[in-house]
Amino acid sequence: IKPSSPYAASKASADLLGSVINMFVRTSYAAWLNTTSLVRRAHIISSLSRIYFCTYYINADADSYIELDATESLHACAMRCSSAAGLIRETCRIYVLPEYAQRYQDFTDLTTLKKRMNGGESLTMEFACQRIGWCRGIFIRVEHEDEPGFHVVYAIPSIQKEKENDLAVRRMLEKAAE
């Protein structure tokens with residue numbers, strides 16, 4: 001009496017199978033996009049490591065951080081620190097020359113960072129390190145709508161060659177002015 005019943009059952013099975021395949025394809029594509037995105041991000045971070053010898057993603061409000069890249073000695077230092085402020089204090093103690101320590105601590109004070117950045121994109125400071133010479137600390141604001149808090153990337157490049165060139169030019173100008 002129900003001639004359409006086997007057809008309806010077959011159609012329902014086919015529709016269900018189609019939905020499952022469609023869902024699988026969509027999630028597989030999303031997973032591929034995420035993987036591709038992660039690989040791209042890894043390449044970007046790797047490229048930045050040619051300029052910056054350490055980079056950290058910091059939530060200033062939560063006093064937490066994620067190490068994006070660092071030299072072995074800085075990585076070892078980070079492994080001993082559970083907070084961003086602790087990491088900054090420890091790196092200052094070990095690496096920053098004493099005559100720059102207080103300025104460095106003031107510059108890296110996460111409790112005042114948001115106010116000091118005053119809506120700007122970045123904040124920088126030059127200082128001298130014991131092993132590397134001249135460096136530039138850079139805080140870069142990160143827009144992050146998914147997570148609460150004030151987020152920044154903190155990166156440090158060596159500017160030793162730049163400083164040496166500046167000093168050479170200054171000496172030449174002073175000599176020319178005599």
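Check the entry above for the structure.
Residues numbered from 1 in each chain as written. Predicted model: local features only at pLDDT ≥ 70, side-chain atom pairs only at ≥ 80, totals over all residues. Heavy atoms only, no water.

1. Some remarks on the packing of aromatic side chains
And step 1. One pass over the structure, following the stated rule, counts five aromatic pairs.
And step 2. The interplanar angle of 75° and the centroid separation of 5.4 Å between the aromatic rings of Tyr100 and Trp134 together place this pair among those described as edge-to-face. Here the residue Tyr100 occupies a position in helix H4 (residues 98–107), and Trp134 occupies one in strand E4 (residues 133–142), the gap between them amounting to 34 residues.
And step 3. Tyr100 gets classed as buried once you look at its relative accessible area, which sits at 18%.
And step 4. For Trp134, a relative accessible area of 22% corresponds to the partly exposed category.
And step 5. Here Tyr104 and Phe127 contribute two aromatic rings whose centre-to-centre distance is 4.7 Å and whose plane-to-plane angle is 65°, an arrangement assigned as edge-to-face. Taken together, the residues span a long stretch of sequence, with Tyr104 in helix H4 and Phe127 in strand E3 (residues 122–129) at a distance of 23 residues. Like Tyr104, the residue Phe127 is buried in the burial classification.
And step 6. A connected cluster of aromatic rings, assembled from ring pairs, spans Phe107, Phe139 and Tyr154.
And step 7. Lying across the ring of Trp134, Lys163 places its NZ or CZ 4.5 Å from the centre. (Phe/Tyr/Trp six-rings, centres within 6.5 Å; stacked < 30°, edge-to-face > 60°. Helix = DSSP H or I, 4+ residues; strand = E, 2+ residues; numbered from the N terminus. Buried < 20%, exposed > 50% of the residue type's maximum accessible area, 1.4 Å probe, protein only. Lys NZ or Arg CZ within 6 Å of the ring centre and 35° of its normal.)

2. A look at empty space enclosed by the protein
Rolled over the atoms, a probe with the dimensions of a water molecule shows which regions are left empty.
And step 1. Considering all chains together, one arrives at one cavity of 30 Å³ or more under this definition.
And step 2. In this structure, the largest cavity encloses a volume near 150 Å³.
And step 3. Lining the largest cavity are 17 residues, with Cys54, Leu74, Thr91, Tyr104 and Ile156 positioned closest to its centre.
And step 4. Going through the elements one at a time, strand E1 (52–59), helix H3 (84–95), E3 and strand E5 (151–157) are the ones with two or more residues in the lining of the largest cavity.
And step 5. No other element matches the five residues that H3 contributes to the lining of the largest cavity.
And step 6. Of the residues in the lining of the largest cavity, the class split is 16 nonpolar, one polar and no charged. (1 Å grid on protein atoms, 1.4 Å probe; cavity = no way out; pocket = protein on both sides within 12 Å on 5 of 7 lines; lining within 4 Å. Points joined across faces, edges and corners; volume = space filled by probe spheres on them. Nonpolar A, V, L, I, M, F, W, Y, C, P; charged D, E, K, R; others polar.)

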